[in-house]
Amino acid sequence: MTIKPFKVEEWMNQYEVGAKYNIAETCVDSISLEELWQITGIDGNAFWADFCKKRLTYGDIEGNPRFLEGICRLYRSIGPENIVPTHGAAGANHHVFYSLINPGDRIVSIMPTYQQLYSIPESFHADVALVRLTRENGYLPDLETIRRLATPGTKMICINNPNNPTGALISNEMLHEIVKIASDIDAYVLCDEVYRHLSQKEGWCESIADIYEKGISVSSMSKVFSLAGLRLGWIATRDQEVVRACFSHRDYNLISCGMFDEEIAGIALAGADKLLERSRSIVRSNLAALDQWIAQEKHASYTKPLAGTTALVFYDFDMPSRDLCRRMYEETGAFVTPGECFEEEHSMRIGYAGDPAVLKEGLQAISLFFKTLEKEGTPLCKS
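Keep in mind that this is a model prediction, so the values were computed, not measured.

Enquirer: I tried to follow the overall build of the protein chain on my own but got confused; where do I start?
Expert: Along the protein chain, the regular secondary structure elements total 14 helices and 13 strands. Against the globule reference of 21 Å for 383 residues, the protein chain gives a C-alpha radius of gyration of 21 Å, in line with a compact fold. Counting across all 383 residues of the protein chain, residues that qualify as buried make up 57%. Here the contacts in the protein chain between residues at least 6 apart in sequence split such that 75% fall between residues at least 24 apart. Total accessible area on the protein chain is roughly 16,400 Å²; 50% of this is exposed by carbon and sulfur atoms. Positive and negative side-chain charges in the protein chain, numbering 38 and 52 respectively, have mean positions lying 2 Å apart.

Below you can see the structure in the form of structure tokens.
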């Protein structure tokens, strides 16, 4: 199987470790087990005393019951029988395509988004049609374009809500419109929902799995719950044929997730309300700081995110984003992701969910680098 290089992950792998100011990270500021015990009120000593007695078998093949119950509480209509645990949301996305997509299947996906949602089905020789999200439209999918591309026989429509890298949030009304389009042609809707629950305003964010029988929700413990080290995610859908197909294919490449990972995830999801309160507080205060920087930085602009942990920030220097971001990293230690990784030139993805001090120092470093480019007489983009 031939697949295109995963641009954003290759960039992160190459530069993340040595970053002085890592504002490319997309997870809400990670927590330790000690912090998890404090947030959830768990007796850590009792946990270790109990877990250390367990034999390290394959565990619950279809998922630790406590973990599954915790996932169910994140939805309105999902039960344990509707969930397939996976190795992260990356594993979940791949597993959905691996289980359902055949060569020649019509797939309608969006761009910019996480590259999995178009490069994986393309590697399976699917017929991938792209809906280009635009700044003018607030990076929301154009419904008329989806209708035009989702021809009869289309197998799946792929969306990402909230969007990575822009932070755009599809409204409940628009989600229902997308469901109507899919329902009319009997297509699945795969929605990568790893940033769900992290909206800037209060209110319930609908899941595609709750509003559409053939909706497939993908999420994980990484972004919202600050536990990327567990490498644990899931597929949630009310379509039992999809569940059966995913478990059948999972026998070939996964069997089960780790006992320890699912035990910790079960504890975290039992205290989901407290973790979500922490995460929302971080992203809301940090976005305010990013917004203030944007207002003061004459070379930067963006469409302000409504949800998630990332923003796509445009700059006005006439320099390719990979070159600008690499040089900025080398000269200042400020680490962001080039917009080129998302097919959006003259931009950078900034993650604003980490340590507030690192975010502010990183933004200051970007401004200093922009001043350097000014002094060098770097030309600006033509308007």
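Enquirer: Looking at this model, I keep getting lost on the environment of Thr40. Mind explaining?
Expert: Within the secondary structure, Thr40 sits in helix H2 (residues 33-40). Judged by its relative accessible area of 16%, Thr40 is buried. Among the polar contacts made by the side chain of Thr40, one reaches the main-chain carbonyl oxygen of Leu36 at a distance of 2.7 Å.

Enquirer: I would appreciate a short explanation of the pairing of strand S2 (residues 83-86) in the present structure.
Expert: Consecutive side chains of a regular strand alternate in pointing toward one face of the sheet and then the other. Residues Ile83 and Pro85 point to one face of S2 and Val84 and Thr86 to the other, with burial holding for every one of them. In the sheet, S2 pairs with strand S8 (residues 233-236) via four bridges, with the strands oriented antiparallel. Within S8, the position partnered with Val84 by the bridge is Ile235.

Basis of the calculations
- Residues numbered from 1 in each chain as written.
- Predicted model: local features only at pLDDT ≥ 70, side-chain atom pairs only at ≥ 80, totals over all residues.
- Heavy atoms only, no water.
- Helix = DSSP H or I, 4+ residues; strand = E, 2+ residues; numbered from the N terminus.
- Rg over C-alpha atoms; globule rule 2.2 N^0.38 Å.
- Buried < 20%, exposed > 50% of the residue type's maximum accessible area, 1.4 Å probe, protein only.
- Contact = heavy atoms within 4.5 Å.
- Areas by Shrake-Rupley, 256 points an atom, 1.4 Å probe, with all protein chains shown as cover.
- Lys, Arg positive; Asp, Glu negative; His and termini not counted.
- Charge placed at Lys NZ, Arg CZ, Asp CG, Glu CD.
- Polar contact = N/O pair within 3.5 Å; in protein donor to acceptor, adjacent residues only side chain to side chain.
- Pairing = 2+ DSSP bridges.

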